[in-house]
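For reference, the chains in residue letters:
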Amino acid sequence: MDMYRHSGGQVPAATPYAWPHDASMSPETTALIIIDMQNDFCSPNGYLSHQGYSLTPTRAPIPAIHTLLTLFREHSFPIIFTREGHRPDLSTLSSRELQRSRNNPSGLGIGDQGPLGRLLIRGEPGHDIIPELAPLPNEPVVDKPGRSAFAYTDFELLLRVKGIKNLVVTGVTTDVCVSCTMREGNDRGFDCLLVGDACGASLQRLHDAAVEMVGTEGGIFGASAGVQDVVCTVKAWAASNVKGLGKEEEDGESTGSSGDRSD
C-alpha cells in the first residue's frame, strides 16, 4: 500500500510566488534535481580549480543539498543527478569549447590530464559525483555534454515517463548549468524552484545575479526559496498526508466492523 495520499503541497515562502503555482508538490509530480556536484567542480585539482577559481563557493552548498537529498529519499520523491562531461574521444566537444576551456592561467582545459584524470571526461575520477552526495543505484544520473540537462540527453524523457512537472533545482554552478537547466525547463513547461542556498557559483556576485534573475517579471524562470523553506514544506506535506491516510484507514475499519455486525 502507498504510504501517502495523493494531495499536494506548496512552499509558501518562495518568491515571487508560492511554489509550485498549483500547490501540486508530491512524489508523483515533483523531483529533486542535483546538478553537476562532481569532483571536477567541487574537489581539489579538478576542472574548476584549473580554471583558477576557489572551490569554497561550490563546496558551500554540500550540507544543504545533503539535507534535501536525505529528506526527499525519506519521503520517496524522485531524485535525478546530472554530470557534465565529454566522450573520451572528444567527439562531443566543439573546437570553440576546447579553446575556451583552455583560456585560463593554467592553460589546461577539457580533455587535458590532471590529478583526477582527464578534465571533464566521462569515466575519469573527476567526472564522478562527490562521495558526500553519492547517488543510490535507483537514482538516475544524466550525463550531459553541455550546460543544460535537457540538451542532447534523455533527461526530459525520464521526467515525462514519471509524470514529473515540478523541479526542485540544486547544484553548481548557479549562473551556468543550474541556470541553463532551469531556463530550458521553464520553456518546456516545468515549474522550477531554485533553492538558493543549495546552489553555488565560482563567484558570489554571479550566484546572486542568477538568483535575482529568476524572480523578475513575476517569476519568469520560476521561483526561489531557501533550504529550510523546502524542508518545512515537505515535512508539513508528509505529516498531513500520513495523518490523512491513517484517518481513512480508521474510518474504513470502523465501517467494516459495523458492516460485520449487521450481516
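Everything numeric here is computed off the predicted structure, so don't read it as measured data. (Residues numbered from 1 in each chain as written. Predicted model: local features only at pLDDT ≥ 70, side-chain atom pairs only at ≥ 80, totals over all residues. Heavy atoms only, no water.)

Below, the discussion takes up empty space enclosed by the protein. Over the atoms rolls a probe the size of a water molecule, and in doing so it shows where empty space is left. Applying the stated criterion to the full structure yields one cavity of 30 Å³ or more. Considered as a void within the structure, the largest cavity measures approximately 70 Å³ in volume. T174, V178, S179, M182, R183, L194, A210, M213, V214 and F221 together form the lining of the largest cavity. Counting only elements with at least two residues in the lining of the largest cavity, the list comes to α7 (174-187) and α8 (204-214). For the lining of the largest cavity, the element with the highest residue contribution is α7, accounting for five residues. In terms of residue class, the lining of the largest cavity is made up of seven nonpolar, two polar and one charged. (1 Å grid on protein atoms, 1.4 Å probe; cavity = no way out; pocket = protein on both sides within 12 Å on 5 of 7 lines; lining within 4 Å. Points joined across faces, edges and corners; volume = space filled by probe spheres on them. Helix = DSSP H or I, 4+ residues; strand = E, 2+ residues; numbered from the N terminus. Nonpolar A, V, L, I, M, F, W, Y, C, P; charged D, E, K, R; others polar.)

Turning our eyes to something else, we now look at the pattern of salt bridges. Charged atoms that come close allow side chains of opposite charge to pair. Under the criterion given, the structure shown has twelve salt bridges. A salt bridge links K165 to D22, with the nearest nitrogen and oxygen atoms 2.7 Å apart. You can see K165 sitting in the loop between α6 (155-162) and β6 (166-172) and its partner D22 sitting in the segment before β1 (30-35), a full 143 residues away along the chain. On the accessibility criterion, K165 (34% relative accessible area) is partly exposed. Judged by its relative accessible area of 34%, D22 falls in the partly exposed class. (Salt bridge = Lys/Arg side-chain N within 4 Å of Asp/Glu carboxyl O. Buried < 20%, exposed > 50% of the residue type's maximum accessible area, 1.4 Å probe, protein only.)

Pairing within the open sheet is parallel, and its six strands lie in the order β5-β2-β1-β6-β7-β8. Two strands close off the open sheet at either side, each with one partner strand: β5 (141-144) and β8 (223-225). Pairs of neighbouring strands in the sheet enclose a mean axial angle of 25 degrees, with direction left out of account. Bridging between β6 and strand β7 (residues 191-200) involves six bridges; their strand directions are parallel. (Pairing = 2+ DSSP bridges. Axes fitted to C-alpha atoms, helices over the stretch in contact; angles between N-to-C directions.)

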